[in-house]
Amino acid sequence: MYGLCLSFGRTRPSRSFSQSAQDGSKNNCLRDALFVPVLNCATSFFAGFVVFSVLGFMAHKTGTSVDSVTAAGPALAFITYPEALSLMPFAPLWSVLFFLMLFFLGIDSIFVQIENLVMSVVDEFPVLRRRKGWVTFAACALMFLGALSCCTRGGMYVLLLLDWYSASITVVFAGLCELIVFSYIYGAGRTVRDLQMMTKKTVGIFWYVAWISITPLLLLFIFINSMASMTPVSYHDVILPSWAQRVGWLSALASFAGVPAYIIYYFLTSQGSFSKRLLTGIMPTSRWGPALEEHKAAWVDYVTSHPLRHRLLHPRFSPRASHPSAPSSPAEAKLLELHASAGETSSAGRSPV
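Residues numbered from 1 in each chain as written. Predicted model: local features only at pLDDT ≥ 70, side-chain atom pairs only at ≥ 80, totals over all residues. Heavy atoms only, no water.

## Remarks on the packing of aromatic side chains
- Within this structure, the stated rule accounts for 13 aromatic pairs.
- Ring centres 5.0 Å apart and planes at 85 degrees place the aromatic pair Phe45 and Phe49 in the edge-to-face group. One end of the pair, Phe45, and the other, Phe49, are both in helix H2 (residues 29-62), four residues apart, so they sit about a helical turn from each other. This pair shows no difference in class: Phe45 is exposed, exactly as Phe49 is.
- Ring centres of Phe223 and Phe256 lie 6.1 Å apart, and the angle between their planes is 75 degrees; on these two criteria the pair is classed as edge-to-face. Here Phe223, found in helix H10 (residues 205-228), pairs with Phe256, found in helix H11 (residues 242-256); they are 33 residues apart in sequence, far enough to count as distant. Taken as a pair, Phe223 and Phe256 share a single burial class, namely buried.
- Here a set of aromatic residues connected by ring pairs shows up, and it is made of Phe173, Phe223 and Phe256.
- Over the face of the ring belonging to Tyr186 we find Arg190, whose NZ or CZ atom lies 5.6 Å from the ring centre. (Phe/Tyr/Trp six-rings, centres within 6.5 Å; stacked < 30°, edge-to-face > 60°. Helix = DSSP H or I, 4+ residues; strand = E, 2+ residues; numbered from the N terminus. Buried < 20%, exposed > 50% of the residue type's maximum accessible area, 1.4 Å probe, protein only. Lys NZ or Arg CZ within 6 Å of the ring centre and 35° of its normal.)

## Describing helix H9 (residues 188-199)
- For H9, with twelve residues, the first-to-last C-alpha span of 16 Å sits near the 16 Å given by 1.5 Å per residue.
- Where burial is concerned, most of H9 is hidden: eleven out of the twelve residues are buried. (Expected span 1.5 Å × (residues − 1).)

## Some points on the environment of Val247
- With respect to the helices and strands, Val247 occurs in helix H11.
- Judged by its relative accessible area of 42%, Val247 falls in the partly exposed class.
- Distance in space between the C-alpha atoms of Val247 and Leu161 is 7.9 Å, their sequence separation being 86 residues.

## Examining helix H7 (residues 155-166)
- An ideal rise of 1.5 Å per residue puts 16 Å on twelve residues; H7 measures up with 16 Å between its terminal C-alpha atoms.
- Among the residues of H7, Gly155, Met156, Leu160, Leu161, Tyr165 and Ser166 are the ones counted as buried.

## Comments concerning the packing of H11 against helix H12 (residues 258-269)
- Two elements in contact, H11 and H12, have axes whose closest approach is 5 Å; the angle formed by their N-to-C orientations is 45 degrees. Relative to H12, the element H11 is oriented oblique. Here Ala254, Ser255 and Phe256 of H11 lie close against H12, whose contacting residues are Gly258, Val259 and Pro260.
- By residue class, the composition of the contact of H11 with H12 is four nonpolar, two polar and no charged. (Axes fitted to C-alpha atoms, helices over the stretch in contact; angles between N-to-C directions. Parallel < 35°, antiparallel > 145°, perpendicular 65-115°, else oblique. Contact = heavy atoms within 4.5 Å. Nonpolar A, V, L, I, M, F, W, Y, C, P; charged D, E, K, R; others polar.)

## Some points on the confidence of the model for the chain
- Confidence along the chain averages 78 in pLDDT terms, with 80% of residues attaining 70 or more.
- Mean pLDDT per element in the chain: helix H15 (residues 330-337) is the minimum at 62, and helix H6 (residues 132-147) is the maximum at 90.
- For residues 19-25, every residue scores under 50 in pLDDT, and the model assigns this stretch twelve contacts once sequence neighbours within four places are set aside.
- In the predicted structure, residues 341-353 sits below a pLDDT of 50 and forms 29 contacts with residues beyond four places in sequence or in another chain. (pLDDT = per-residue confidence, 0-100.)

## What about the nonpolar core?
- Counting 24 residues, the largest nonpolar core has Leu161, Trp211, Val233 and Leu240 as the members making the most contacts within it.
- Apart from residues no more than four positions distant in its own chain, Leu161 is found in contact with Ser166, Val233, Leu240, Ala244 and Gly248.
- One finds Val54, Tyr81, Leu85 and Met88 within the second-largest nonpolar core, a separate group that totals seven residues. (Core = buried A, V, L, I, M, F, W, Y, C linked by side-chain atoms within 4.5 Å.)

## Here's the deal with the pattern of salt bridges
- Under the counting rule described, the total for this entry stands at one salt bridge.
- For Glu115, the salt bridge identified is with Lys132, shortest N-O distance 2.9 Å. Residue Glu115 is located in helix H5 (residues 91-124), and its partner Lys132 is located in helix H6; the two are separated by 17 residues in the primary sequence.
- Take Glu115: its relative accessible area is 14%, and that puts it in the buried class. (Salt bridge = Lys/Arg side-chain N within 4 Å of Asp/Glu carboxyl O.)

## Let's talk about the side chain of Ser183
- Mapped onto the elements, Ser183 comes out in helix H8 (residues 169-185).
- In this structure the side chain of Ser183 is engaged in a polar contact, spanning 2.8 Å, whose partner is the backbone oxygen of Trp211.
- Residues contacting Ser183, with those up to four places away along its chain left out, are Ala188, Trp211, Ile212 and Leu312. (Polar contact = N/O pair within 3.5 Å; in protein donor to acceptor, adjacent residues only side chain to side chain.)

## Observations concerning the environment of Phe221
- Structurally, the position occupied by Phe221 is in helix H10.
- When the C-alpha atoms of Phe221 and Val172 are compared, they prove to be 9.9 Å apart, with 49 residues separating the residues in sequence.

Structure (structure tokens):
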């Protein structure tokens, strides 16, 4: 999933650097969602030839097999690969080029990660939009200070714990939560309708079926299998002590905790009966929709003229409204009611998702 760049939210900030972003809500997000994973897979495929050709050279020089010189995890990039480069002619040149490649790879990857974090913060707190540069600086400074632990004498162990526990199962969990929100809480039908409104193209049944059944089941299977087959992290065939393993699990739980923590916060701070708070929590707020008012008006008109029988049904299975004031389902009527009055900016409740 890391190679495919899934569940990181990187496609959303990447559109800020494209010319299509000037057209607001009409960005072809389906094209981007296909192009980015294919490009990532092609890069990983090419990198495989580079890595194993160097490892094969090292095995040939040392008179051993490729299996004996291959290392998994961070040790491959920071120990095995530099050792292989040291055996090549013009070793200093190849070493400089290799670590320059790692540096630019890291900088290139962190661009969209930082932008995604900053966009989430300024969207949640609009007052910070005028201070976006300072928000970016604060995010980079905090990450820099946190990453200093990986540069100490025990930095490799810290990196192994984070890579083993936090970077694997947490990504699958995040992707599963995202699918649950857009496929079941907001509704796969609404998601498809919004995409068709933005792209002016029909979203096929394949994508609808994948979002509502295939992908959630596949991610759930991967998550359960990863949890069941999780083994203690080791370095050079030495298993790290139990207290270090617990620190690794705490780092993973820190990523999980945000979802239930906000749900609890929402129920404690909202008013009304439990059923009312639950219903309000799974409904989109008045802030949902395009950011610009002209785009939001067009979106409301499109939703009104394309009602759904149910939020989980593909728009193909719903009749087209004959006139803009055609009635829709109760849930659709509630969604439109949130945007009925001009200048409305907030709803009665906050969504726990």
